[in-house]
Amino acid sequence: MSTQTTPATGEHLLEVEDLHVEFHTSEGVAKAINGVNFSLDEGETLAILGESGSGKSVTAQAIMGILDMPPATIPGGRILYKGQDLLTMPEEERRLTRGPEISMIFQDALSSLNPVFPVGWQIAEMFRVHRDVNKSDAYAQAIKLMERVNIPAARERVKAYPHQFSGGMRQRIMIAMAIALDPKVLIADEPTTALDVTVQAQIMALLQELQEEFRMGLILITHDLGVVADVADRIAVMYAGRIVERAEVGEIYARPAHPYTKGLLESIPRLDQKGQKLSAIGGLPPNLTRIPQGCAFHPRCVMAQDICRTERPELLDVGPQRQSACHFSQEVLDA
């Protein structure tokens, strides 16, 4: 786990303030992000957790500026990088922040890599486009990066194509591309999807090592609490486009303050529960064009009462450096 460094000026490396993202569809307006707030400091690792459809990846795409607009719109909020709002930044300037300043590892390496170009060419392109490096020097940098992310025989495999690598090796290539220009913020969107447990651990260990080496601010997006247990400094749990709980990693695992977080934790397989029925959260995430009134989680919540069906709980302090958006957070903590 990293040791975060708050800038001396008090300014965060990255701040997301009251962000809203909507998609205009044939079924209506899907409110994908509904007032998300969080910050990230240099050297810190923030994990954003939640089921599919909770808004994790949309948040990352909004930060990167790669949402398709339309159908997406951003009706409100700010995304501040070193104090400058990315949402009001001219497109050319915004484009120059992608790669050198803020970079992203996408969740499906096979579809994210171009199948008709060698992997070395794709890594080297970062240097050709952003650093005006000649072809031979760019390839030399690509080989160094492949070696840095522990791809065996990098010099011989630099001209191989994506399909000639395993899933774990392709993910390492994606990581090499993401760190090529020494970004200050790295977003990893489900970086261990479709990988076996051993390879998952290797990828997470590599990300942690690189984050500590380069002092990047790292945002890990995942649906799996178990993946980030030894890596994250803080965790933000998302549901239906909102952050419903936020705390330091140890606090979340020891005493969750929201029923949704508690349900996610209880659904993780444990060695001391061999042979027992695995717990699961009942029901399905809401349709974002018809988010339930009150607390969006109430149709699936075993603790739901009348107030949950009518009043939306705000994200409020429930302890030092931790917040929860539940009318009964104290009862969850004491359970």
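Definitions and limits used
- Residues numbered from 1 in each chain as written.
- Predicted model: local features only at pLDDT ≥ 70, side-chain atom pairs only at ≥ 80, totals over all residues.
- Heavy atoms only, no water.
- Helix = DSSP H or I, 4+ residues; strand = E, 2+ residues; numbered from the N terminus.
- Buried < 20%, exposed > 50% of the residue type's maximum accessible area, 1.4 Å probe, protein only.
- Lys, Arg positive; Asp, Glu negative; His and termini not counted.
- Salt bridge = Lys/Arg side-chain N within 4 Å of Asp/Glu carboxyl O.
- Polar contact = N/O pair within 3.5 Å; in protein donor to acceptor, adjacent residues only side chain to side chain.
- Contact = heavy atoms within 4.5 Å.
- Phe/Tyr/Trp six-rings, centres within 6.5 Å; stacked < 30°, edge-to-face > 60°.
- Lys NZ or Arg CZ within 6 Å of the ring centre and 35° of its normal.
- Pairing = 2+ DSSP bridges.
- Core = buried A, V, L, I, M, F, W, Y, C linked by side-chain atoms within 4.5 Å.

Description of the side chain of R94
Line of reasoning, step 1. Note that R94 resides in helix α2 (residues 91-97).
Line of reasoning, step 2. It is E91 that comes nearest to the buried, bridge-free R94 among opposite-charge side chains, at 5.6 Å.
Line of reasoning, step 3. A distance of 3.0 Å separates a polar atom in the side chain of R94 from the backbone oxygen of I63.
Line of reasoning, step 4. A distance of 3.2 Å separates a polar side-chain atom of R94 from the backbone oxygen of L86.
Line of reasoning, step 5. Not counting chain neighbours up to four residues away, the residues in contact with R94 comprise A62, I63, M64, G65, L86, L87 and M89.

Quick notes on the packing of aromatic side chains
Line of reasoning, step 1. The full count for this structure, using the stated rule, is four aromatic pairs.
Line of reasoning, step 2. Judged by centre distance (4.2 Å) and plane angle (15°), the ring pair of F117 and W121 falls under stacked.
Line of reasoning, step 3. An aromatic cluster is defined as three or more aromatic residues linked by ring pairs; in this entry it consists of Y239, Y260 and F297.
Line of reasoning, step 4. Here the guanidinium or amino end of R128 rests over the ring plane of W121, the centre of that ring lying 4.6 Å away.

Points about the pairing of strand β4 (residues 72-81)
Line of reasoning, step 1. In this sheet, β4 lies alongside strand β1 (residues 14-25) in antiparallel orientation, the contact comprising seven bridges. Bridging from a neighbouring strand, E17 pairs with R78 of β4.
Line of reasoning, step 2. Summarising the sheet, β4 and strand β5 (residues 84-85) pair through two bridges and their orientation is antiparallel. By the bridge assignment for β5, L80 is matched with D85.
Line of reasoning, step 3. Taking the residues that link successive antiparallel strands as the turn, the β4-β5 hairpin has two residues, and the phi of K82 there is positive, at about 55°.

What to know about the nonpolar core
Line of reasoning, step 1. One finds I187 and I235 to be the most contacted residues of the largest nonpolar core, which totals 104 residues.
Line of reasoning, step 2. Top contributing element to this core by residue count: helix α7 (residues 167-179), with eight residues.
Line of reasoning, step 3. Contact partners of I235, with chain neighbours within four places excluded, come to L46, A47, L49, L225, V228, E245, R246, A247, V249, I252 and Y253.

The values are spatial; any link to function lies outside them.
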